[in-house]
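So you can see what is in the structure, the chains are spelled out below.
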Amino acid sequence: MLIRSFIAVPIPDEPADEIIKYIFRMRPNLNFKWVNRDQLHITLKFLGEIDTNKLQLVKNALDEIKINFEPFRINLNKLGSFPGVLFLSGDKGVKELNLLAKNINQKIFEYAQIQFDKRKFRPHVTLARFHNKNISPEELLTSLENLPNKNIEWTCNEIYLMKSDLKPSGAVYTRLY
């Protein structure tokens, strides 16, 4: 059996509440598919559809990563956009998140022989998805310039293995480990 999964940094309650308040300020102006509170996270590595037989190997890799894991501070203070995605990113914790993502790539390949693409990792929290091909990421950000800046900060002290079930209403995430 295949399970769609990813490894993520969870967002604690207080910063998640702040992000949702920020989303509510943007909602009336933009007809997007906004994320729910329980969908907020920073994806460290999308594993895709993996066989349940490999799940224990992925958990073993995460156990080794967690042995040397040192908590670190993360902040979100910049709105950004990829084609079709509005997100928050920051500058505090970027180095640590990049090292963590690199370590995950190495350990999961070592333990479970799962190979990943070589796309550059860009830590962010997705706020919304949109399918309007007529608006560029730059135009979107320009339209949100008057929004007050946010600085949402917390200590990252854990990583999770998550399951992603795609539903018509949106993705449903469940912690596996």
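That block above? That's the structure.
Let me begin by describing the structure that accompanies this report. (Residues numbered from 1 in each chain as written. Predicted model: local features only at pLDDT ≥ 70, side-chain atom pairs only at ≥ 80, totals over all residues. Heavy atoms only, no water.)

Take the packing of helix H2 (residues 52-67) against helix H3 (residues 94-112) next. The geometry of a pair of packed helices is captured by two quantities: the angle between their axes and the separation between those axes. Two elements in contact, H2 and H3, have axes separated by 9 Å at closest approach and are oriented at 135°. Here H3 runs oblique to H2, going by the angle between their axes. Remark: the crossing between H2 and H3 carries right-handed chirality. In this structure, H2 uses Lys-54, Leu-57, Val-58, Asn-60, Ala-61, Glu-64 and Ile-65 to contact H3, whose residues at the interface are Leu-100, Asn-103, Ile-104, Lys-107, Ile-108, Glu-110, Tyr-111 and Ala-112. (Axes fitted to C-alpha atoms, helices over the stretch in contact; angles between N-to-C directions. Helix = DSSP H or I, 4+ residues; strand = E, 2+ residues; numbered from the N terminus. Parallel < 35°, antiparallel > 145°, perpendicular 65-115°, else oblique. Left-handed = near helix turned anticlockwise from the far one by under 90°. Contact = heavy atoms within 4.5 Å.)

This part takes up the environment of Val-125. One can find Val-125 in strand S7 (residues 125-129). For Val-125, a relative accessible area of 0% translates into the label buried. Put simply, Val-125 and Ser-136 are eleven residues apart on the chain and 19 Å apart in space, counted from C-alpha to C-alpha. If sequence neighbours within four positions are ignored, Val-125 has contacts with Ile-11, Ile-19, Leu-40, His-41, Ile-42, Leu-76, Leu-86, Phe-87 and Leu-88. (Buried < 20%, exposed > 50% of the residue type's maximum accessible area, 1.4 Å probe, protein only.)

Ordered in space as S3-S1-S9-S10, the four strands form an open sheet in which the pairing is antiparallel. A single partner strand is all that each edge strand has here, and the edge strands are strand S3 (41-51) and strand S10 (170-175). Between one strand axis and the next, the sheet turns through 35° on average, direction left out of account. Pairing between strand S1 (residues 2-10) and S3: nine bridges, direction antiparallel. Across the sheet, residue Arg-4 finds its bridge partner in S3, namely Glu-49. (Pairing = 2+ DSSP bridges.)

The periodicity of an α-helix, 3.6 residues per turn, causes residues three or four positions apart to be oriented the same way. Along its 14 residues, helix H1 (residues 13-26) runs 20 Å from first to last C-alpha, staying within 8% of the 20 Å computed at 1.5 Å per residue. Within the sequence span of H1, burial applies to Pro-15, Ala-16, Ile-19, Ile-20, Tyr-22, Ile-23 and Met-26. The buried residues of H1 all sit within an arc of 160° when viewed along its axis, so they share a single face. Projecting away from the buried face of H1 at angles above 90 degrees are the exposed residues Asp-13, Glu-14 and Lys-21. Contacts from the buried residues of H1 go to strand S2 (33-34), strand S4 (72-76), strand S5 (78-82), strand S6 (85-89), S7 and strand S8 (152-156). (Expected span 1.5 Å × (residues − 1). Arc of directions from axis to C-beta.)

As a further point, take the nonpolar core. Formed by 51 residues in total, the largest nonpolar core has its most connected members in Ile-19, Val-58 and Ile-108. If we skip the residues at most four places from it in the chain, Ile-19 touches Ile-11, Leu-40, Leu-76, Leu-88, Val-125, Leu-127 and Ile-152. (Core = buried A, V, L, I, M, F, W, Y, C linked by side-chain atoms within 4.5 Å.)

It is worth spelling out the layout of surface pockets at this point. Taken as a whole, the largest pocket encloses approximately 1300 Å³ of empty space. Lining the largest pocket are 38 residues, and of these Thr-43, Lys-45, Phe-46, Arg-119 and His-124 lie nearest its centre. Listing elements by their share of the lining of the largest pocket, those giving two or more residues are S1, S2, S3, H3, S7, strand S9 (160-167) and S10. Classifying every residue of the lining of the largest pocket by side-chain character gives 17 nonpolar, eleven polar and ten charged. (1 Å grid on protein atoms, 1.4 Å probe; cavity = no way out; pocket = protein on both sides within 12 Å on 5 of 7 lines; lining within 4 Å. Points joined across faces, edges and corners; volume = space filled by probe spheres on them. Nonpolar A, V, L, I, M, F, W, Y, C, P; charged D, E, K, R; others polar.)

By secondary structure assignment, the location of Asn-75 is in strand S4. For Asn-75, the side chain forms a polar contact with the main-chain nitrogen of Asp-91, separated by 3.0 Å. Looking at Asn-75, its side chain comes within polar contact range of the main-chain nitrogen of Lys-92, at 2.7 Å. In contact with Asn-75, other than residues within four places in its own chain, are Ser-89, Gly-90, Asp-91, Lys-92, Asn-151, Ile-152 and Glu-153. (Polar contact = N/O pair within 3.5 Å; in protein donor to acceptor, adjacent residues only side chain to side chain.)

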